[in-house]
Amino acid sequence: MSVEKDMARAHSPFKGMGTKLDTAIARGLNKVTGAALAPYQAAIVRIGFALTFGLYLLREWPHRLELYGTTSPWGFDLAHRLVASNKAFTVLLWSNDRLWFELVYHGTIVACLLLLVGWHTRTMSLLFMVGVLSLLNRNVLLGDGGDTLIHLMASYLVLTRCGQVWSLDARRRSRAATLGGDGSNAVSVTLWVVCGLGLALAEVTGFADIPLSWVLILWGLWVVQALWFWSVRSRFSEVRAVFDVVANLVHNSAMLVIAAQVCLLYATAGWYKIQGPRWQDGTALHYPLHLNYFSPWVPLSSALDSRSMIVTLITYGTVFAQVAFPFALLNRRVKNVLLAILITEHATIAVICGLPFFSMAMVFADMVFMPTNALRWVGGKAAAARDRITGRRRRNKAPPRTDVRARV
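Residues numbered from 1 in each chain as written. Predicted model: local features only at pLDDT ≥ 70, side-chain atom pairs only at ≥ 80, totals over all residues. Heavy atoms only, no water.

**Let's talk about the overall build of the chain**
Each helix and strand counted, the chain has 19 helices and zero strands in total. Principal-axis analysis of the C-alpha atoms gives the chain an extent of 95 × 75 × 75 Å. Surface exposure of the chain reaches about 24,000 Å², of which carbon and sulfur atoms provide 67%. The positive charge centre, built from 40 side chains, and the negative charge centre, built from 22, are 12 Å apart in the chain. (Helix = DSSP H or I, 4+ residues; strand = E, 2+ residues; numbered from the N terminus. Areas by Shrake-Rupley, 256 points an atom, 1.4 Å probe, with all protein chains shown as cover. Lys, Arg positive; Asp, Glu negative; His and termini not counted. Charge placed at Lys NZ, Arg CZ, Asp CG, Glu CD.)

Right under this line is the structure:
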């Protein structure tokens, strides 16, 4: 009888668990919907990939016609047949005229520059995506692996709020908040109208040959932007709050996909390397060092290859770092160490193998895992350097001061 009373008085191990679970779920939902997470990481991805693709287009400017233009060996008809089979998107197949190609190529360079500085990032991220897809899908035989990553990141950036920091948009919103405004202006609406009119005109005249899926995507994004403008000017604060929640949720989901993409990239690369006999015996690095395409600095490649122990360590270290990186995310310190190793590895590849744009794409993709404090420290140093330069220019332009007492 006493045993039954003791059991009745004993507390259940599950007591209060439902309340704790509800609290944890509510806290998690508030976090993912209440703010756009990782704003500095989104900004560095925006800046990095706009810079990478912009520099690539500038470097290939003398060869642009042979790569993507009217004199490309991958001719207009061949590109049409491939796009018809894989349903890829490229505006360069709307016309084979050189003027149209020049407008798209140079327009993409301008979009890279404006996205880099964060000028109306919602529109520029969309134009950047259109330019990247148009050029890369025009000639799929080009690229060194970095182009695939740029292709993916350009698509993801459209869904992020990547202009919250380190952008002209952020500075404009800050000034508007100081003056009591909402941060919107006529330029945003004008860009939206121009994009809509251009797309409608291209479809109505038959100039554009757009797959139905891309028609829905482009017009869907245009309508979403219109709804956003309406919510900003709506007199109902609840409407703006709902749109903010949805935008934060989409942004956070896109950042999660970017992080998962990088993890998937390293995991697949590492596990495929494990299956290769040259990676298993530690000699994989030896072979690209003897290829002319991957040896722009022959003395440097020869000096590295002459030390077999270093070649073996780098080969095994590459496999270990790539396979271990997704698991290292469970520990912040280990993650930071492997992140530094991978960034150093890509910087070395840029120099020794002559793949600067591939390495830049990988490094900026890795930076989605950079600690926020480190990114803010780098941003602070860059802002201080900018202020010193602009301050020096202001002092040089300032008129010389006259001593009133000397004149008297």
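This is not the end of the story, as more comes after the structure.
**Here's the deal with the UniProt feature "transmembrane region" (unreviewed entry) in the chain**
The UniProt feature table records "transmembrane region" (unreviewed entry) at residues 37-58, 99-119, 189-208, 214-232, 253-272, 309-330 and 337-365. In residues 99-119, helix accounts for 90% and strand for 0%; the two terminal C-alpha atoms are 26 Å from one another. Taken as a whole, residues 309-330 contains 91% helix and 0% strand, while its terminal C-alpha atoms sit 31 Å from one another. (UniProt positions renumbered as here; feature names shortened; annotations may be inferred.)

**So, empty space enclosed by the protein**
Empty space among the atoms becomes apparent when a probe as large as a water molecule is rolled across them. Scanning the model with the defined rule gives one cavity of 30 Å³ or more in all. Its boundaries defined by the atoms lining it, the largest cavity holds a volume of some 50 Å³. The wall of the largest cavity is formed by Y68, G69, T70, F76, L92, S95, N96, D97, F101 and R138. Classifying every residue of the lining of the largest cavity by side-chain character gives four nonpolar, four polar and two charged. (1 Å grid on protein atoms, 1.4 Å probe; cavity = no way out; pocket = protein on both sides within 12 Å on 5 of 7 lines; lining within 4 Å. Points joined across faces, edges and corners; volume = space filled by probe spheres on them. Nonpolar A, V, L, I, M, F, W, Y, C, P; charged D, E, K, R; others polar.)

**Overview of the packing of helix α16 (residues 332-352) against helix α17 (residues 356-366)**
Running from amino to carboxyl end, α16 crosses α17 at an angle of 165°, the nearest separation of the two axes being 8 Å. Taken as axis vectors, α16 and α17 run roughly antiparallel relative to one another. Read as a crossing pair, α16 and α17 show a hand that is left-handed. Residues L339, L342, I343, H346, I349 and A350 of α16 pack against P356, F358, S359, M362, V363 and D366 of α17. (Axes fitted to C-alpha atoms, helices over the stretch in contact; angles between N-to-C directions. Parallel < 35°, antiparallel > 145°, perpendicular 65-115°, else oblique. Left-handed = near helix turned anticlockwise from the far one by under 90°. Contact = heavy atoms within 4.5 Å.)

**Overview of the state of the cysteines**
Overall, the coordinates contain zero disulfides when judged by the stated rule. Its sulfur unpaired, C112 is 13 Å from the next cysteine sulfur, which belongs to C162. C195 forms no disulfide, and the closest cysteine sulfur to it belongs to C112, at a distance of 15 Å. (Disulfide = S-S within 2.5 Å.)

**Describing the pattern of salt bridges**
Considering all chains together, one arrives at eight salt bridges under this definition. R172 is the salt-bridge partner of D169, the closest N and O atoms lying 2.9 Å from each other. One end of the pair, D169, and the other, R172, are both in helix α9 (residues 168-179), three residues apart, so they sit about a helical turn from each other. A salt bridge links R240 to D244, with the nearest nitrogen and oxygen atoms 3.5 Å apart. Residue R240 and its partner D244 are both found in helix α12 (residues 237-275); the two are separated by four residues, about one turn of the helix. A residue is classified by how much of its surface remains accessible, and R240, at 25% relative accessible area, is partly exposed. Residue class for D244 comes out partly exposed when judged on its relative accessible area of 22%. (Salt bridge = Lys/Arg side-chain N within 4 Å of Asp/Glu carboxyl O. Buried < 20%, exposed > 50% of the residue type's maximum accessible area, 1.4 Å probe, protein only.)

**Thoughts on the packing of aromatic side chains**
Under the counting rule described, the total for this entry stands at 15 aromatic pairs. Seen in terms of ring centroids, Y56 and F357 are 5.7 Å apart; in terms of plane orientation they differ by 80°. Their pairing is edge-to-face. You can see Y56 sitting in helix α3 (residues 39-59) and its partner F357 sitting in helix α17, a full 301 residues away along the chain. The residues Y56 and F357 share a single accessibility class, namely buried. Ring geometry for Y266 against F325: centres 5.5 Å apart, planes inclined by 65°, an arrangement best described as edge-to-face. Placement of the pair is Y266 in helix α12 and F325 in helix α15 (residues 308-328), with a sequence separation of 59 residues. (Phe/Tyr/Trp six-rings, centres within 6.5 Å; stacked < 30°, edge-to-face > 60°.)

**Quick notes on unusual backbone geometry**
The backbone phi angle of A38 is positive, close to 55°, even though this residue is not glycine. Tracing the backbone through its elements, the reader meets A38 in the loop between α2 (17-34) and α3.

**Details of the environment of V91**
Among the structural elements, V91 can be located in the loop between α5 (76-86) and α6 (98-117). V91 sits in the buried class, given a relative accessible area of 7%. Taking the C-alpha atoms as reference, V91 lies 7.4 Å from A208; in sequence the two are 117 residues apart. Here V91 is in contact with W100, V104, V130 and S134, once residues within four sequence places are set aside.

**Some points on the layout of surface pockets**
Considered as a void within the structure, the second largest pocket measures approximately 930 Å³ in volume. What lines the second largest pocket is a set of 33 residues, among which K273, T318, Q322, E345 and I349 lie closest to the centre. Elements supplying a minimum of two residues to the lining of the second largest pocket: α8 (146-157), α12, α15, α16 and α17. No other element matches the seven residues that α16 contributes to the lining of the second largest pocket.

**Some details on the nonpolar core**
Core analysis: the largest hydrophobic core is formed by 81 residues, its most contacted members being F49, F53 and F89. When residues of this core are assigned to their parent elements, the largest contribution, 10 residues, is made by α3. Those residues in contact with F89, other than ones at most four positions away along the chain, are W94, V130, L133, S134, N137, I210, W214 and L218. Of all hydrophobic cores here, the second largest spans five residues; its members include F76, A79, V83 and L93. (Core = buried A, V, L, I, M, F, W, Y, C linked by side-chain atoms within 4.5 Å.)

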